Amino acid sequence: MTEIVVAAFPTGQAAEAAMRDLEAAGIPADSMRRHRDANAIPSQHRGTYERALSAGGTVLTVPVEQAHAERVIAILHGHGPVEVDEQQARSGTSSQQADQPARVRRFRLDDDTGRVW
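Everything numeric in this text was worked out from a predicted model, so none of it was measured.

A word on the nonpolar core
Turning to step 1, where the next piece is worked out: Residues Val5, Phe9, Leu22, Leu60, Val72 and Leu76 are the most contacted members of the largest nonpolar core, which totals 19 residues.
Turning to step 2, where the next piece is worked out: Residue assignment for this core shows that the elements contributing at least two residues are strand 1 (2-9), helix 1 (12-24), strand 3 (58-65) and helix 3 (69-77).
Turning to step 3, where the next piece is worked out: Ignoring any residue separated from it by four or fewer positions in sequence, one finds leucine 60 in contact with Val5, Val6, Ala7, Phe9, Ala15, Ala18, Met19, Leu22, Met32, Arg33, Arg34 and Leu76.
Turning to step 4, where the next piece is worked out: Counting 11 residues, the second-largest nonpolar core is a separate cluster that includes Ala8, Ile41, Val84 and Phe107.

Side note on the confidence of the model for the protein chain
Turning to step 1, where the next piece is worked out: Taken over all residues, the pLDDT of the protein chain has a mean of 82, while the share at 70 or more is 78%.
Turning to step 2, where the next piece is worked out: Here residues 86-101 is a poorly scored stretch, pLDDT under 50, and it has 33 contacts once near neighbours within four places are set aside; other chains count.

Points about the environment of alanine 14
Turning to step 1, where the next piece is worked out: With respect to the helices, strands and loops of the structure, alanine 14 is situated in helix 1.
Turning to step 2, where the next piece is worked out: Taking the C-alpha atoms as reference points, alanine 14 and leucine 76, 62 residues apart in sequence, are found 9.5 Å from one another.
Turning to step 3, where the next piece is worked out: Discounting residues that sit within four places of it in the chain, alanine 14 has contacts with Phe9 and His79.

Examining the environment of glutamate 23
Turning to step 1, where the next piece is worked out: Following the sequence through the fold, glutamate 23 ends up in helix 1.
Turning to step 2, where the next piece is worked out: According to the relative accessible area criterion, glutamate 23 is partly exposed, its value standing at 46%.

A word on the pairing of strand 4 (residues 104-108)
Turning to step 1, where the next piece is worked out: Burial runs high along strand 4: four of the five residues are buried.
Turning to step 2, where the next piece is worked out: Sheet topology places strand 1 next to strand 4; five bridges connect them, and they run antiparallel. When the sheet's bridge partners are listed, glutamate 3 is paired in strand 4 with arginine 108.

Thoughts on the side chain of arginine 106
Turning to step 1, where the next piece is worked out: Secondary-structure assignment places arginine 106 in strand 4.
Turning to step 2, where the next piece is worked out: For arginine 106, a relative accessible area of 9% translates into the label buried.
Turning to step 3, where the next piece is worked out: Looking at arginine 106, its side chain comes within polar contact range of the side chain of glutamate 3, at 2.7 Å.
Turning to step 4, where the next piece is worked out: Within polar-contact distance, the side chain of arginine 106 engages the side chain of glutamate 70 at 2.6 Å.

Re the sheet that holds strand 4
Turning to step 1, where the next piece is worked out: Ordered by their spatial adjacency, four strands build an open sheet running 2-3-1-4, and the pairing between neighbours is antiparallel. What marks the edges here is a single partner per strand, and that holds for strand 2 (33-35) and strand 4. For this sheet, the mean angle separating the axes of adjacent strands, direction not counted, is 25 degrees.
Turning to step 2, where the next piece is worked out: Across the face of the sheet, helix 1 comes into contact with strand 1, strand 2 and strand 3 while running at roughly 20 degrees to strand 3.

Examining the environment of glutamate 3
Turning to step 1, where the next piece is worked out: Take glutamate 3: it is sitting in strand 1.
Turning to step 2, where the next piece is worked out: Note: C-alpha distance between glutamate 3 and valine 62 (59 residues apart in sequence) is 8.2 Å.

About the criteria used
- Residues numbered from 1 in each chain as written.
- Predicted model: local features only at pLDDT ≥ 70, side-chain atom pairs only at ≥ 80, totals over all residues.
- Heavy atoms only, no water.
- Core = buried A, V, L, I, M, F, W, Y, C linked by side-chain atoms within 4.5 Å.
- Buried < 20%, exposed > 50% of the residue type's maximum accessible area, 1.4 Å probe, protein only.
- Helix = DSSP H or I, 4+ residues; strand = E, 2+ residues; numbered from the N terminus.
- Contact = heavy atoms within 4.5 Å.
- pLDDT = per-residue confidence, 0-100.
- Pairing = 2+ DSSP bridges.
- Polar contact = N/O pair within 3.5 Å; in protein donor to acceptor, adjacent residues only side chain to side chain.
- Axes fitted to C-alpha atoms, helices over the stretch in contact; angles between N-to-C directions.

Spelled out as structure tokens, the structure:
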């Protein structure tokens, strides 16, 4: 099953560094997406990441097979993602575990609609 791992970074440079490390770990660069505008975020998740984006941050989304999600999350954590609104992040289609930090989120890919998250 494919999941989307999402992290908000305080700067575009931090997101780019995370992308380089993910690519070095075997994640295809063309599968990762940087978002700098809240309008690029699906509406059901926009409120979660809007604050980071309005402060000049960058949201990074990484599609990954479920078996590799923990490795991707560990790499992202190494680049200082910012905390996001926990109430928003735990709503909707999030598959977030209660004991995971609020800095990186996992969402299931909706196979029926093809929605990214």
